[in-house]
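Geometric and topological summary
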Amino acid sequence: MATATTIQHVKKKPLPAGLPREWYESHNRRLKAMRLAISLLDSGTYDARRATNRKIRTMAVRTGIHRPSNVTCKMVRAFIVSAS
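This one's a predicted model, so the numbers in the text were calculated from it and none came from an experiment.

Some remarks on the overall build of the protein
Along the backbone of the protein there are 3 helices and 0 strands. Going residue by residue from the N terminus, the α and β elements of the protein occur as α-α-α. With respect to the principal axes defined by its C-alpha atoms, the protein has extents near 50 × 25 × 20 Å. Residues classed as buried in the protein amount to 25% of the 84 residues present. If you take every contact in the protein between residues at least 6 apart in sequence, the share linking residues at least 24 apart comes to 60%. Roughly 6,500 Å² of accessible area belongs to the protein as shown, and the carbon and sulfur atoms make up 58% of that amount. Here the protein holds 17 positive side-chain charges and 4 negative ones, and the gap between their average locations is 5 Å.

Shown next as structure tokens:
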């Protein structure tokens, strides 16, 4: 039986000021998708077709990340494809 592992988070830096709100939202979405993609790859999910929304959201719970939206799940799969 596999045991749950804890993942260390990277120290965060402040974002630049004065940019449009959409930039901050897309930036944070990309960061979340990248963290989830890395976690899935580390856990052995190398195929984007096997990275279902349920699997991505379960990984988010395991790593302490807020529940990703459908758009973020799609980005996670795109990152997994580009990593292969």
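Considering the pattern of salt bridges
Summed over the entire model, instances satisfying the criterion amount to 2 salt bridges. Note that Arg49 and Asp47 form a salt bridge whose closest N and O atoms lie 3.2 Å from each other.

Observations concerning the nonpolar core
Judged by nonpolar contacts, the single largest core of 13 residues is most densely connected at Leu36, Leu40, Ala51, Ile56, Val76 and Ile80. Put simply, the parts of the chain that give this core at least two residues each are helix H1 (21-43), helix H2 (53-63) and helix H3 (70-83). Those residues in contact with Ala51 that sit more than four places away from it in its chain are Leu40, Thr45, Ile56, Arg77 and Ile80.

Focus: the packing of aromatic side chains
Within the structure shown, the criterion is met by 1 aromatic pair. Judged by centre distance (5.3 Å) and plane angle (90 degrees), the rings of Trp23 and Tyr24 are edge-to-face. For Trp23, a relative accessible area of 29% translates into the label partly exposed.

What counts, and where the lines are drawn
Residues numbered from 1 in each chain as written. Predicted model: local features only at pLDDT ≥ 70, side-chain atom pairs only at ≥ 80, totals over all residues. Heavy atoms only, no water. Helix = DSSP H or I, 4+ residues; strand = E, 2+ residues; numbered from the N terminus. Buried < 20%, exposed > 50% of the residue type's maximum accessible area, 1.4 Å probe, protein only. Contact = heavy atoms within 4.5 Å. Areas by Shrake-Rupley, 256 points an atom, 1.4 Å probe, with all protein chains shown as cover. Lys, Arg positive; Asp, Glu negative; His and termini not counted. Charge placed at Lys NZ, Arg CZ, Asp CG, Glu CD. Salt bridge = Lys/Arg side-chain N within 4 Å of Asp/Glu carboxyl O. Core = buried A, V, L, I, M, F, W, Y, C linked by side-chain atoms within 4.5 Å. Phe/Tyr/Trp six-rings, centres within 6.5 Å; stacked < 30°, edge-to-face > 60°.

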